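# Observations on the three-dimensional arrangement
The lines below spell out each chain.
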Amino acid sequence: RTVLAHRRALALAEEKRQVRFQFIRVLAHELKAPLGVVDSYLRMVQDRALGDELAAYDRPVERALARLDGMRRMIVDLLDLTRLESGQKSRDLAAVDVVEEARGGLEGVTAAAAARGIALALHAPDALPMRADRGELGIVFNNLLTNAVKYNRDGGRVDLTLRPRDGGGAVIEVRDTGLGMAAADVARLFGEFVRIKNEQTKGIEGTGLGLSILRKLAELYGGEVAVASEPGVGTTFTVSLADAPEGTQP
């Protein structure tokens, strides 16, 4: 038994090393491309490659800043992910109105939706209280609504529906009229650094971590995330969250 336990411990340690290696490899790949773009634009400015007119460098500077913003978002997502997985994320659990948090989430995507003529609609009771961390609900709504707008079609629609969960908590449903996904893409959707890449999505920025964080948050609340999607029709995410139990606050 001792030998068997030792072999299992060695196998587990090797598995952890491989997971860590793969994670670092993918992270390095994800950061290498934007860093290369920023470096290229900065050298263009340094060498005055576009002449002496300052206005000529507005576009390169804007693109470099956009890449830096993307890397910053990735770092924030990585920190959220590691804190969730390690159990070290500080939580402030209290009575929260999910409807109020939903309105805040919609406000956060209003400008991006309006720029593309995407209609936003909230279907909810007057109030929906649950015990939760306000910041965690904010992450849930931000990930769901940002994706619903980002992967939508111009002139499309996003419907956010809230209802009480049996036994306490809330069910959050976000339906869009966007690109949709094939079943094979849905199956791998919640992996880390996973982004669905095709001709329609190749120009859409993202870290590939948001949905992995969303699933881990749902699990933290004893819930789950379900996805229904059809290419060319749209996608519906349904997130079930139970009330956080008393005594789970660090």
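In short, a report on the structure. (Residues numbered from 1 in each chain as written. Predicted model: local features only at pLDDT ≥ 70, side-chain atom pairs only at ≥ 80, totals over all residues. Heavy atoms only, no water.)

## What about helix H4 (residues 134-150)?
Residues separated by three or four positions in an α-helix point in the same direction, a consequence of the helix having 3.6 residues per turn. The end-to-end C-alpha separation of H4 is 24 Å, in line with the 24 Å expected for 17 residues at 1.5 Å each. Among all positions of H4, only Glu-136, Leu-137, Val-140, Phe-141, Asn-143, Leu-144, Leu-145, Asn-147, Ala-148 and Val-149 are buried. Where H4 begins, the side chain of Asp-133 points an oxygen toward the backbone nitrogen of Gly-135, at a separation of 2.8 Å. (Helix = DSSP H or I, 4+ residues; strand = E, 2+ residues; numbered from the N terminus. Expected span 1.5 Å × (residues − 1). Buried < 20%, exposed > 50% of the residue type's maximum accessible area, 1.4 Å probe, protein only. Polar contact = N/O pair within 3.5 Å; in protein donor to acceptor, adjacent residues only side chain to side chain.)

## Some words on the pattern of salt bridges
Here the structure, examined in full by the defined rule, presents six salt bridges. For Arg-43, the salt bridge goes to Asp-39, with nearest N and O atoms at 3.0 Å. Of this pair, Arg-43 and Asp-39 both sit in helix H1 (residues 2-46), separated by four residues, roughly a single helical turn. On the accessibility criterion, Asp-39 (36% relative accessible area) is partly exposed. A salt bridge links Glu-173 to Arg-175; the shortest N-O distance between them is 3.7 Å. You can call Glu-173 buried: its relative accessible area is 15%. (Salt bridge = Lys/Arg side-chain N within 4 Å of Asp/Glu carboxyl O.)

## Structural notes on the sheet that holds strand S6 (residues 224-230)
Sheet strands pair via backbone hydrogen bonds, and the direction of the pair is either parallel or antiparallel. Ordered by their spatial adjacency, five strands build an open sheet running S2-S4-S5-S7-S6, and the pairing between neighbours is mixed. On the outer flanks of this sheet lie strand S2 (119-123) and S6, each paired with one strand and no other. Sheet twist, expressed as the average angle between the axes of neighbouring strands with direction ignored, equals 10 degrees. Against the sheet, helix H3 (residues 98-115) contacts S2, strand S4 (157-164) and strand S5 (170-176), and its axis sits at roughly 175 degrees relative to S2. (Pairing = 2+ DSSP bridges. Axes fitted to C-alpha atoms, helices over the stretch in contact; angles between N-to-C directions. Contact = heavy atoms within 4.5 Å.)

## Some remarks on the packing of H3 against H4
Where H3 contacts H4, the axes come no closer than 9 Å and their chain directions differ by 35 degrees. In this structure, H3 meets H4 at a crossing whose hand is right-handed. Taken together, the residues of H4 that come into contact with H3 (itself represented by Val-98, Glu-100, Glu-101, Ala-102, Gly-105, Leu-106, Val-109, Ala-112 and Ala-113) are Arg-134, Leu-137, Phe-141, Leu-145, Thr-146 and Val-149. A per-class count over the contact of H3 with H4 returns 10 nonpolar, two polar and three charged. (Left-handed = near helix turned anticlockwise from the far one by under 90°. Nonpolar A, V, L, I, M, F, W, Y, C, P; charged D, E, K, R; others polar.)

## Comments concerning the environment of Leu-179
One can find Leu-179 in the loop between S5 and helix H5 (183-187). Taking relative accessible area as the criterion, Leu-179 reaches 17% and is therefore assigned buried. A sequence separation of 51 residues divides Leu-179 from Glu-230, and the C-alpha atoms of the two residues are 8.1 Å apart.

No statement about biological role is implied by the geometric values presented.
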